[in-house]
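For reference, the chains in residue letters:
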Amino acid sequence: MEKSTVYFTDFRCPVGTSQIDKLKKLCIAAGIRNIDMEGKFVAIKMHFGELGNLAFLRPNYAKAVADLCKEQGGLPFLTDCNTLYPGSRKNALEHLDCANLNGFNTITTGCQIIIGDGLRGTDEVEVPVANGEYCETALIGRAIMDADIFISLTHFKGHEATGFGGTIKNIGMGCGSRAGKMKQHASGKPAINEDLCRGCRRCAKECGSDAITYQDKKAVIDYDKCKGCGRCIGACNYDAVYNPNSDANELLDRKMAEYAQAVCHDRPCFHISLVQDVSPNCDCHGENDAPILPNIGMFASFDPIALDQACADACLKAKPLDNSQLGDHLAEPGWHCHHDHFKDSNPNIEWKATLDQGEKIGLGSREYELKILK
Ligand code: SF4
Ligand code: SF4
């Protein structure tokens, strides 16, 4: 596969400039204006942040992208699908309330919000996965598939199950309906290592499915209730929650790439990723722990695989921040260093499988040329 082009600009903004202008210039340089948007619906997929989380992208960035679409005659809307777990985005009403409370509305973003898979997370389309190896079809939110053009606007950060939450995660997992998310997560449910469990109850607080109880001061998972979302893995500070199926995270990664293929295949797409507030875990958490890496910059490309690869490469080169999950791990005496910031932050992850699978099925290329804008 040929090398793709990824455009990059850092967050430096001398007086008289703004990050919003930089983002617009980046998108234009990367070719957003080559997409014919006249009179077409444009889905801008993003994550509005779980209530309590403050690391999600500000609505101002969404407005910049929506404004660009409108300048090209497009009809943009912001979208995300409901979550698998019962947090603050589990149905369209609560999801819209959450988006509003986090600052996303028609005034701040200049466009409407449509929850992709409807009121209860069941409004889905079964979409064939071109070249799919793990999924013949994917269950995607209907409004997302109804759009003529698809744009992903991603907050790039760490993730407890997939290593990082980047563009493929935003598209593949984020556009899945509730059933689609279940199918991607079906590869494995976590288990508790009783010897390591200290009974601190953090995992139960994090579990939105009420699946964790305690017996003899040790956590116990009720597998009839557990959805396999993996949030408890990120919640435990003592590595007592683990995935007993060693292939589970890798399978999740590969399915996610195939879901992203279903979303992007055969229609105009454009992808933007901002590497800032790189918290160790997903914005689905109701908190954001201190960033593990410094803010790096904004990236844009037509190729979602190259985009994630470029963001990951930039993160791997960055200096870990002290007093963060990553910094603490690296400072632990005897820490087995993986020389991989994502793995050293969340050791049970396999992020490369996502990009490997995406490249294999023709979603994009891991080879890229980086064009740097000032
Ligand atoms: S968070 Fe970890 S240590 Fe605390 S109760 Fe859960 S499994 Fe045990
Ligand atoms: S994976 Fe963990 S947090 Fe998610 S539903 Fe199961 S027990 Fe709860």
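Only a predicted model underlies this, so the values are computations on that prediction, with no experimental measurement involved. (Residues numbered from 1 in each chain as written. Chains lettered and ligands numbered in written order. Predicted model: local features only at pLDDT ≥ 70, side-chain atom pairs only at ≥ 80, totals over all residues. Heavy atoms only, no water.)

Chemist: Any chance you could explain the pairing of strand β2 (residues 41-45) here in plain terms?
Modeler: Buried residues dominate β2, accounting for 4 of its 5 residues. Strand direction decides the pairing type here: β2 and strand β3 (residues 75-80), joined by 5 bridges, are parallel. Paired with F41 across the two strands is L75, which belongs to β3. At this point the chain moves from β2, through helix α2 (residues 59-71), to the parallel β3, and the crossover so formed is right-handed. By the bridge criterion, 4 bridges tie β2 to strand β7 (residues 149-159) in an arrangement that is parallel. (Buried < 20%, exposed > 50% of the residue type's maximum accessible area, 1.4 Å probe, protein only. Helix = DSSP H or I, 4+ residues; strand = E, 2+ residues; numbered from the N terminus. Pairing = 2+ DSSP bridges. Right-handed = clockwise from strand over helix to strand, strands pointing away.)

Chemist: Would you take a moment to explain empty space enclosed by the protein for this structure?
Modeler: Which parts of space are left empty comes out when a probe the size of a water molecule is rolled across the atoms. Counted according to the given criterion, the structure contains 4 cavities of 30 Å³ or more. Taken as a whole, the largest cavity encloses approximately 350 Å³ of empty space. Put simply, the parts of the chain that give the lining of the largest cavity at least two residues each are β7, α6 (167-173), α7 (178-185) and α10 (248-264). Counting residues per element, the lining of the largest cavity draws most heavily on β7, at 5 residues. (1 Å grid on protein atoms, 1.4 Å probe; cavity = no way out; pocket = protein on both sides within 12 Å on 5 of 7 lines; lining within 4 Å. Points joined across faces, edges and corners; volume = space filled by probe spheres on them.)

Chemist: Could you clarify how one ought to interpret the packing of aromatic side chains in this entry?
Modeler: Given two aromatic rings, their pairing is described by the distance between the two centres and the angle made by the two planes. This structure, assessed with the given rule, holds 9 aromatic pairs. With centroids separated by 5.2 Å and ring planes inclined at 80°, the aromatic side chains of F270 and F302 adopt a geometry described as edge-to-face. Placement of the pair is F270 in strand β13 (residues 269-275) and F302 in the loop between β14 (297-301) and α11 (304-317), with a sequence separation of 32 residues. Residue F302 is classed as partly exposed on the basis of its relative accessible area of 39%. One aromatic cluster is present, built from ring pairs that chain together F156, F164, F342 and W351. Here the basic side chain of R201 rests over the ring of Y214, its NZ or CZ set 4.2 Å away from the ring centre. (Phe/Tyr/Trp six-rings, centres within 6.5 Å; stacked < 30°, edge-to-face > 60°. Lys NZ or Arg CZ within 6 Å of the ring centre and 35° of its normal.)

Chemist: Can you walk me through the domain arrangement of the protein in this structure?
Modeler: In many analyses, interface size is given as the accessible surface area lost on bringing the parts together. As far as domains go, the protein holds domain 1 (4-186 + 247-373) and domain 2 (191-242). On a C-alpha basis, the centroid separation for the pair domain 1 and domain 2 is 27 Å. Each partner contributes residues to the interface: domain 1 has 10 residues there, and domain 2 has 9 residues. Surface buried jointly by domain 1 and domain 2 totals about 1000 Å² across both partners, of which 55% is contributed by carbon and sulfur atoms. Sorting the residues of domain 1 by area buried against domain 2 places Y85, E160 and H185 first, and these three jointly supply 37% of that buried surface. Connecting domain 1 to domain 2 are 0 salt bridges. Joining domain 1 to domain 2, the criterion identifies 1 residue pair in polar contact (both at pLDDT 80 or more). Tallied by class, the residues present in the side of domain 1 that touches domain 2 amount to 5 nonpolar, 3 polar and 2 charged. (Domains from an automatic or database assignment. Contact = heavy atoms within 4.5 Å. Buried area = accessible area lost by both parts, 1.4 Å probe. Salt bridge = Lys/Arg side-chain N within 4 Å of Asp/Glu carboxyl O. Polar contact = N/O pair within 3.5 Å; in protein donor to acceptor, adjacent residues only side chain to side chain. Nonpolar A, V, L, I, M, F, W, Y, C, P; charged D, E, K, R; others polar.)

Chemist: Would you take a moment to explain the site of ligand 1 for this structure?
Modeler: All residues in the neighbourhood of ligand 1 are listed as C197, R198, G199, C200, R201, R202, C203, Y214, C236, Y238, A240 and V241. Broken down by class, the residue content of the shell around ligand 1 amounts to 8 nonpolar, 1 polar and 3 charged. (Near = heavy atom within 4 Å.)

Chemist: How do you make sense of the pairing of strand β11 (residues 218-221) when you look at a structure like this?
Modeler: Successive residues of a regular strand alternate their side chains across the two faces of the sheet. Here β11 shows one buried face, formed by A219 and I221, and one open face, formed by K218 and V220. Linkage of strand β10 (residues 212-215) to β11, two consecutive antiparallel strands, is achieved through a turn of 2 residues, within which D216 is found at a positive phi near 50°.

Chemist: Which parts of the structure should I look at to understand the site of ligand 2?
Modeler: If you check the shell around ligand 2, you find P190, C207, S209, A211, I212, C226, K227, G228, C229, G230 and C232 and nothing else. When the residues that make up the shell around ligand 2 are grouped by side-chain class, the tally is 7 nonpolar, 3 polar and 1 charged.

Chemist: I would appreciate a short explanation of the packing of helix α1 (residues 19-30) against α2 in the present structure.
Modeler: Relative placement of two packed helices is described by the angle separating their axes and the distance separating the axes. Interhelical geometry of α1 versus α2 gives an angle of 45° and a closest axis separation of 10 Å. The angle between the axes of α1 and α2 places the two elements in the oblique class. Every pair of crossing elements has a handedness; the one defined by α1 and α2 is right-handed. Where α1 abuts α2, its residues Q19, I20, L23, K24, C27 and I28 lie against N60, Y61, A64, V65, D67, L68 and E71. (Axes fitted to C-alpha atoms, helices over the stretch in contact; angles between N-to-C directions. Parallel < 35°, antiparallel > 145°, perpendicular 65-115°, else oblique. Left-handed = near helix turned anticlockwise from the far one by under 90°.)

Chemist: Explain helix α3 (residues 92-101) to me, please; I cannot follow it from the model alone.
Modeler: Because an α-helix completes one turn every 3.6 residues, residues spaced three or four positions apart along the sequence face the same direction. Residues of α3 that are buried: A92, H95, C98 and A99. Buried residues of α3, viewed axially, fall in a sector of 125°; they line one side. The exposed set on the far side of α3, more than 90 degrees from its buried face, consists of L93 and L101. A distance of 3.1 Å separates the backbone nitrogen of L93 from a side-chain oxygen at the start of α3, and that oxygen is part of N91. (Arc of directions from axis to C-beta.)

Chemist: What exactly am I supposed to notice about the layout of surface pockets here?
Modeler: In this structure, the largest pocket encloses a volume near 340 Å³. Lining the largest pocket are 17 residues, with C236, N237, D239, H329 and S345 sitting closest to its centre. The leading source of residues in the lining of the largest pocket is helix α12 (residues 325-331), at 3 residues. Grouping the amino acids of the lining of the largest pocket by side-chain chemistry returns 6 nonpolar, 7 polar and 4 charged. Counting only domains with at least three residues in the lining of the largest pocket, you end up with domain 1 (4-186 + 247-373) and domain 2 (191-242). In this structure, the second largest pocket occupies an estimated 200 Å³ of space. If you list the elements that add at least two residues to the lining of the second largest pocket, you get α8 (202-206) and α9 (231-235). Within the lining of the second largest pocket, the residues separate by chemical class into 1 nonpolar, 5 polar and 5 charged. When residues are assigned to domains, the lining of the second largest pocket turns out to be shared by domain 1 (4-186 + 247-373) and domain 2 (191-242), each giving three or more.

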